[in-house]
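Remarks on the overall topology
Single-letter residue listing:
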Amino acid sequence: MTVTINSPIGDDAGRGAVMDMAIETRGLVKRYGSTTALDGLDLTVKTGEIHGFLGPNGAGKSTTVRILLGLLRVDAGEAHLLGGDPWHDAVALHRRLAYVPGDVNLWPTLTGGEAIDLLASLRCGVDPRLRDEMIERFQLDPRKRCSSYSKGNRQKVAIVAAFASDVELYLLDEPTSGLDPLMETVFQDVVKERVGQGRTALLSSHILAEAEALCDRVSIIREGQIVETGTLDDMRHLTRTSIHVRTERPLTGMSRLAGVHDFEAHHDGGAFEVDSEHLGAALAHLTTFGVLDLESTPPTLEDLFLRHYGDELAALSGNGGANGGTSGSGAKRGRRR
Amino acid sequence: MSAWTGTSRLVRLALRRDRIVLPIWLVSICVLILAVVSAETGIYRDEEQRASGAAFGAANIVTRIFDGPASGTSLGAMSIVEGYLVLAIFVALMAGQAVVRHTRLEEETGRAELIGSSVVGRQARLTAALIVGVGASLIVGVGATVVLLAYGLPVGGSIAAGVSFTGVGVAFAAFAAVAAQLAVSQRGANGLVGLALGASFLLRSVGDALGHVAPGGVKLVSSWPSWLSPLGWGQQIRPYGEDHWDVALLFVGLAVVGVGGAFGLAARRDLGAGLLRDRPGPATATPGLLSSMGLAWRLQRTALLAWTVGMIAVGVPFGAVGDSANDFADSAPEFVATLERMYPGASLVDVFAAFMIGFLGVGAAGYTVQALLRMRAEEASGRLEPVLATAVGRRSWLAGHSLITAVGTCVVLGAMGLAATLGYWIASGDLGTGLGATGAGLVQIPAALALGAFVLVAFAFTPRWAPTLAWAGLATCLVVGQLGEMLELPQWALNVSPFTHAPAIPAEPFAALPLFILLVCAAGLAAVAGLRFRRRDLAIAA
């Protein structure tokens, strides 16, 4: 479930203080020839939070992160990172942040340990204690050549190199691709620890379970725009809860209730979905039939996500396609609408 | 399902992937054969001149090492002797790299796993790679024969020449098949093939150096080490001289042993595994590595060392042969007359040194190009991205690689010049004249740096095209700049090459102004490149 942090910034309503925002972009546009990668992207990440940046491959997540790193120039819009301009203040800002790319390429002739020391010292100097602790926790053999590491181990090198420095902001671009579930758990622990110490993390991902486990707030990106942003709780309020109920007497009149959808009558009860604001009225109606057992499932992140990608999914399902790349291996199966 | 199921499909896949690279190799090699024969026709006008050229080649230790055994005075025989080693090395690289590309590289990238999970036999991949490598060698042999026949050379010798090229290709395809089982990476496997090629070259150069001149003075009988080398076998076929067809059986024998060994190894090992393993390295970095410059040096030092050693190895014999310039003048008067027209009033030894070292200098600038393109390789592979995401600025990263390349260029060209001086000194005992070669090497430095600045501009403005533009630039310098005068190209074309503007020491007096202008141009271009690189997007993936 969501980790709640007592953030000093209560509301979004701008107090204008840029430093409360670790990342703030307005109307970012990035074009590659005729294709538009980012189409007016507004993203805000508050200082001290883990912000999930969700979307399928090709939605513009990596492009956004590379702009925030000053590796790409924007065609329009503005970006602020730790109170500075990511393009002009790149070197100064980079001392205060660490980056884990999703596709880690390393120098084949260097060992993992050398690559970690190198990347951490080029940033702001290596803390040998932190470095050794991270190597230990991620169970990495630092004496192997980078050319002989598997994808998961190359990913670990980048993660260890990033967390071997204590910096203000962690930019994590699909950081756990290729990690096994144990290492995934270690990764989540490390991120939570750092954010608990007041650091900020932007976690781009298409693994919804990971985002659900870690993030305070999430932004969903689609075709280069943010289509939804907020805390998971806020977003749940906007959606429906699934109810499975067993009753003494057969249910009647359910479909006439406001906010109830997809009602299915069973011989000993039924299943339906209900808009969050009508949940109370629906429960009151149920009690008149003698409730024996009731199971309520709040919407998962996948449900929230599919609200924005449902049309693509429908198009894919028509061809017997899978889930449109919207859910990762560990994603929970929610009931879809 | 047999161990060979699916071979023909894999051959088609390999040919589809190689549809650009193999034709380039094949056409280049055939064009080069044509160029060698027509150059020989130009250098030696008649039988008498060829006889003195062959006698020079048989007697001179440097030509024995770099050309191989002289095999008579016919135009065909002399052309093959002159061009064989370079051509055979190209054929060996083409065939060997093709086999590695379709075996070890496939395993390294994991593509073999995908293929292996489908209806494909255990030995199908190796078989398909060998069919492609051996097939390309056969086509090169046929192409060589056709080109030589078209030039009007005798049928028997032309076929023998084709066989000598095909044989080397087949031999190194077999070496590559074994190397692909031993090494765990494409780099490692190609390195092993390169090692076998180097050993072959060394063995036959020792054998030819220790050989003796046959009666008649135009033919060299090689000593036994030449017979241990596949490159040597190709030469011992002696096309147009004697056409020893039975030597080709040695290639067949080696191919059978090599391919059999490779299949044996492949059947006994796991997918992705090799027989040579990496040793564990240091767990922490030394302080020297921990800066942008330190990383650049780590990435660049091997290439610098290899080029320095290589240019010394080539420079010494080039210097030593300078002492024989006057003997050479008797064997190729036309060529020497052209050289003397280029530098009127200079001594023949100086003219020869200026021309040879000038030529070597452009070759050594290959180091400059290769070292600077390392930056593009870093960017394209995605390794630059995490570096620039640290507190390393683009300017200092670019400056680090550029500085190392500039200093490295001075080292490579200086070492080449000194080596040539040393070679001349050993051969003639005259150090004073030999020092001209050092000067000839040093004046190339500003020109090489100007070429380097062009590479920087290409990298900054058109990153994806930088390798193509950079190598095309070097080729232009080599062809237009160094050979342009002989090809009688107009002066404006010659002026395109920065090397044209360096004084031809020791045949011409030293002149500081052109060198200064070259340095200013290099600095200006480098500054423009630096400004542009700071403003452009990173271009990841080629």
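Residues numbered from 1 in each chain as written. Chains lettered and ligands numbered in written order. Predicted model: local features only at pLDDT ≥ 70, side-chain atom pairs only at ≥ 80, totals over all residues.

A word on the pairing of strand β6 (residues 169-173) of chain A
All names here are of chain A.
- Of all the 5 residues making up β6, 5 are buried; the element is thus mostly covered by neighbouring parts of the structure.
- Judged from the 4 bridges that link them, strand β5 (residues 97-100) and β6 form a sheet pairing that is parallel. Following the sheet pairing, L97 is matched in β6 by L169.
- The sheet contact formed by β6 and strand β7 (residues 200-205) spans 5 bridges and is parallel. Within β7, the residue paired with D173 across the bridge is S204.
- In terms of handedness, the path from β6 via helix α6 (residues 181-196) over to β7 forms a crossover that is right-handed. (Buried ≥ 20, exposed ≤ 12 C-beta atoms within 10 Å, placed from the backbone. Helix = DSSP H or I, 4+ residues; strand = E, 2+ residues; numbered from the N terminus. Pairing = 2+ DSSP bridges. Right-handed = clockwise from strand over helix to strand, strands pointing away.)

What about the interface of chain A and chain B?
- Every contact between the two is made by 30 residues of chain A and, on the other side, 27 residues of chain B.
- Broken down by secondary-structure element, the contributors of at least two residues to the side of chain A that touches chain B are α2 (90-94) and α3 (112-123) of chain A.
- Per element, the largest residue contribution to the side of chain A that touches chain B is 8 residues, and it comes from α3 of chain A.
- Counted by class, the side of chain A that touches chain B contains 14 nonpolar, 7 polar and 9 charged residues. (Contact = placed C-beta atoms within 7 Å. Nonpolar A, V, L, I, M, F, W, Y, C, P; charged D, E, K, R; others polar.)

Description of the domain arrangement of chain A
- Partitioning chain A into structural domains gives domain 1 (18-235) and domain 2 (240-297).
- Summarising the inter-unit geometry, the C-alpha centres of domain 1 of chain A and domain 2 of chain A are found 43 Å apart. (Domains from an automatic or database assignment.)

Quick look at the sheet that holds β6 of chain A
All names here are of chain A.
- With mixed pairing, 6 strands are arranged side by side in an open sheet as β5-β6-β7-β3-β8-β9. Two strands lie at the open edges of the sheet, namely β5 and β9 (225-231), each paired on one side alone. In this sheet, adjacent strand axes meet at a mean angle of 15 degrees when their direction is disregarded.
- Of the strand pairs in this sheet, strand β3 (residues 50-54) and β7 are connected by 5 bridges, and their pairing is parallel. Counterpart to G52 in the pairing with β7 is L203.
- Contacting β3, β6, β7 and β8 (217-222), helix α1 (residues 61-68) crosses the sheet at an angle of about 150 degrees to β6.
- With respect to the sheet, helix α5 (residues 151-163) is in contact with β5 and β6, its orientation differing from that of β5 by roughly 175 degrees. (Axes fitted to C-alpha atoms, helices over the stretch in contact; angles between N-to-C directions.)

A few points about the pairing of β7 of chain A
- Within β7 of chain A, 6 of the 6 residues are buried, leaving the element largely enclosed by the surrounding structure.
- Neither face of β7 of chain A is exposed, since T200, L202 and S204 of chain A on one face and A201, L203 and S205 of chain A on the opposite face are all buried.

So, helix α19 (residues 431-442) of chain B
All names here are of chain B.
- Taking 1.5 Å of rise per residue, the 12 residues of α19 would be expected to cover 16 Å, and the 17 Å separating its terminal C-alpha atoms lies within 8% of that figure.
- Of the positions making up α19, those classed as buried are G434, G436, A437, T438, A440, G441 and L442.
- Lining the buried residues of α19 we find α13 (292-322), α16 (348-380), α18 (394-428) and α20 (444-461). (Expected span 1.5 Å × (residues − 1).)

Here we look at helix α9 (residues 155-182) of chain B
- In this model α9 of chain B runs 41 Å from its N-terminal to its C-terminal C-alpha over 28 residues, within 8% of the 40 Å that 1.5 Å per residue would give.
- Counting buried positions over the 28 residues of α9 of chain B gives 24, a clear majority of the element.

Observations regarding the sheet that holds strand β1 (residues 21-32) of chain A
Residues and elements named next belong to chain A.
- Across the sheet, 3 strands lie side by side as β2-β1-β4; this open sheet has antiparallel pairing. Since the sheet does not close on itself, it has two edges, and those belong to β2 (35-46) and β4 (76-81), each with one partner. The sheet shows a mean angle of 15 degrees between the axes of neighbouring strands, direction not considered.
- Relative to β2, β1 runs antiparallel, the two sharing 9 bridges. Paired with E24 across the bridge in β2 is T44.

Considerations on the domain arrangement of chain B
- The domain boundaries assigned to chain B delineate domain 1 (7-268) and domain 2 (288-535).
- Between domain 1 of chain B and domain 2 of chain B, the C-alpha centre-to-centre distance is 29 Å.

What to know about the confidence of the model for chain A
Residues and elements named next belong to chain A.
- For chain A, per-residue confidence averages 84 on the pLDDT scale, and residues scoring 70 or more make up 88% of the total.
- This stretch, residues 1-18, has a pLDDT under 50; its non-local contacts, to residues over four places away or in other chains, come to 17 contacts.
- Between residues 320-337, whose pLDDT stays under 50, and residues either more than four places distant or in other chains, the model counts 39 contacts. (pLDDT = per-residue confidence, 0-100.)

Considerations on the environment of G68 of chain B
All names here are of chain B.
- Its place among the elements puts G68 in the loop between α4 (61-66) and α5 (75-102).
- On the neighbour-count criterion, G68 (29 C-beta atoms within 10 Å) is buried.
- Separated by 444 residues in sequence, G68 and A512 have C-alpha atoms that sit 40 Å apart.
- The contacts of G68, once residues within four sequence positions are left out, are V81, Y84, L85, R204, D208 and Q235.

Structural notes on the environment of L301 of chain A
- Looking at the secondary structure, you find L301 of chain A in helix α10 (residues 301-318).
- Residues in contact with L301 of chain A, not counting those within four places in the same chain, are L208, A211, E212 and L232 of chain A.

Quick word on the nonpolar core
- Ranked by size, the top nonpolar core spans 165 residues in total, and within it V157, V160, A161 and L171 of chain A together with V455 and L456 of chain B carry the most contacts.
- Examining the composition of this core, we find that 16 residues originate from one element, α16 of chain B, more than from any other.
- Leave out the neighbours within four places in its chain, and A161 of chain A touches A115, I116, L119 and A120 of chain A.
- Counting residues in each nonpolar core, the second largest holds 73 residues, with I29, V120, V163 and A196 of chain B among its members. (Core = buried A, V, L, I, M, F, W, Y, C linked by C-beta atoms within 7 Å.)

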